[in-house]
Amino acid sequence: MNAPTFPSSPSFITTIIRHDWSRSEIQTLFDLPFSDLMFQAQTVHRAYFNPNEVQVSTLCSIKTGACPEDCAYCPQSARYDTGLEREKLMAVEKVIEEAKAAKASGATRFCMGAAWRSPKNRDMPYVTTMVQGVKALGLETCMTLGMLDEVQAQELADAGLDYYNHNLDTSPEYYGEIITTRTYQDRLTTLANVRKAGMKVCCGGIVGMGEEESDRAGLLQQLANMPEHPESVPINMLVKVEGTPLANEADLDPFDFIRTIAVARILMPQSHVRLSAGREQMNEQTQAMAFLAGANSIFYGEKLLTTPNPEANKDMQLFKRLGIKPESYEVHQNESEQEAAIFQQLQEQKNDSMFYNAAK
């Protein structure tokens with residue numbers, strides 16, 4: 001099969017939003033000479049985005065450890081001895097303080113993650129209040145809480161949650177090698193519930209888990225052939241943690257990682273492709289190449305849930321050297337007034353009742 005071609009005219013490129021990619025077409029993209037792949041990815045990227053802007057998010061672990069799932073990469077699984085101590089659900093006011101600090105550091109989106117298989121009904125008032133409080137600061141909001149049913153998804157949407165993160169992790173064929181406690185369909189069902197509730201989707205995967213290149217193509221095919229592309233596509237490099245089954249996995253060639261970023265950009269032109277976990281292990285040249293390949297979103301701060309992330313000032317120093325600036329997030333006036341009212345309500349409700357032991 002001949003490689004898909006993308007004429008240099010942006011007006012033509014902007015019409016190419018597809019949801020019917022075949023595995024062979026995607027594999028052909030992976031097989032392109034590196035410079036040709038990068039050129040195509042950069043051409044598509046420039047048709048939809050300012051190539052010198054990157055969306056900046058901060059991720060906060062609102063409940064750490066004791067997860068019953070067996071994801072082979074995850075230090076938060078209760079099945080593995082990684083030295084990670086379980087923690088209670090963070091108090092609402094503490095979450096809001098973390099969000100304030102994130103905004104002051106330049107983040108425009110605040111993502112909150114809880115190590116649950118799925119939230120219980122008793123958890124929902126706490127997490128919805130967190131969403132309202134963070135939005136009152138003028139930040140975009142994102143959560144990852146595990147699987148959601150339709151009712152839970154609607155509750156989060158009604159609270160004003162902008163994005164819900166739920167990764168597919170890998171291809172359907174390789175999935176069983178990584179996780180056995182929930183199915184691929186379970187993940188797709190949660191994503192469908194999120195879409196039905198009207199929220200935006202943050203969905204990607206992890207590379208470097210021992211998968212073949214065909215599995216990376218399979219993951220991207222699943223994402224690109226969704227009825228609507230995820231608005232945010234995090235591409236994570238495996239962070240190897242002692243005590244997890246993947247602790248001794250061989251390192252992935254950085255060029256293979258960059259290829260995955262580039263192919264994701266070509267398949268999902270309108271999505272923010274996020275350079276996510278694993279940046280701590282990447283040198284500046286690899287990160288710069290990822291931006292050139294079409295990555296235009298990062299997690300920013302000292303930690304991604306429980307694993308290290310480059311320090312914020314290092315990110316800003318790299319941005320300055322590359323001529324990159326953070327993407328802005330506009331809050332419309334009526335939204336701003338509504339958010340201010342919500343924040344005032346939260347301030348009046350400050351008390352210790354918004355805290356309980358969710359690790360039980």
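Look up: the structure comes first, before these words.
So, here is what we can say about the structure in this document.

## Describing the packing of helix H5 (residues 124-135) against helix H6 (residues 150-159)
Here H5 crosses H6 at 25°, and the two axes come no closer than 9 Å. One finds that H5 runs roughly parallel with respect to H6. The chirality of how H5 crosses H6 is right-handed. Touching Met-124, Val-127, Thr-128, Val-131, Gln-132 and Lys-135 of H5 are Gln-152, Glu-155, Leu-156 and Ala-159, all from H6. Looking at side-chain class alone, the contact of H5 with H6 contains five nonpolar, three polar and two charged residues.

## Things to note about the packing of aromatic side chains
Under the defined criterion, the tally for this structure stands at three aromatic pairs. Consider the rings of Tyr-175 and Tyr-184, whose centres lie 5.1 Å apart with planes at 85°: the pair is edge-to-face. Tyr-184 carries the same exposure label as Tyr-175, and that label is buried. Just above the ring of Trp-21 sits the side chain of Arg-18; from NZ or CZ to the centre is 4.0 Å. It is Arg-109 that lies over the ring of Tyr-163; its NZ or CZ is 3.8 Å from the centre.

Cut-off values and rules
Residues numbered from 1 in each chain as written. Predicted model: local features only at pLDDT ≥ 70, side-chain atom pairs only at ≥ 80, totals over all residues. Heavy atoms only, no water. Axes fitted to C-alpha atoms, helices over the stretch in contact; angles between N-to-C directions. Helix = DSSP H or I, 4+ residues; strand = E, 2+ residues; numbered from the N terminus. Parallel < 35°, antiparallel > 145°, perpendicular 65-115°, else oblique. Left-handed = near helix turned anticlockwise from the far one by under 90°. Contact = heavy atoms within 4.5 Å. Nonpolar A, V, L, I, M, F, W, Y, C, P; charged D, E, K, R; others polar. Phe/Tyr/Trp six-rings, centres within 6.5 Å; stacked < 30°, edge-to-face > 60°. Buried < 20%, exposed > 50% of the residue type's maximum accessible area, 1.4 Å probe, protein only. Lys NZ or Arg CZ within 6 Å of the ring centre and 35° of its normal.

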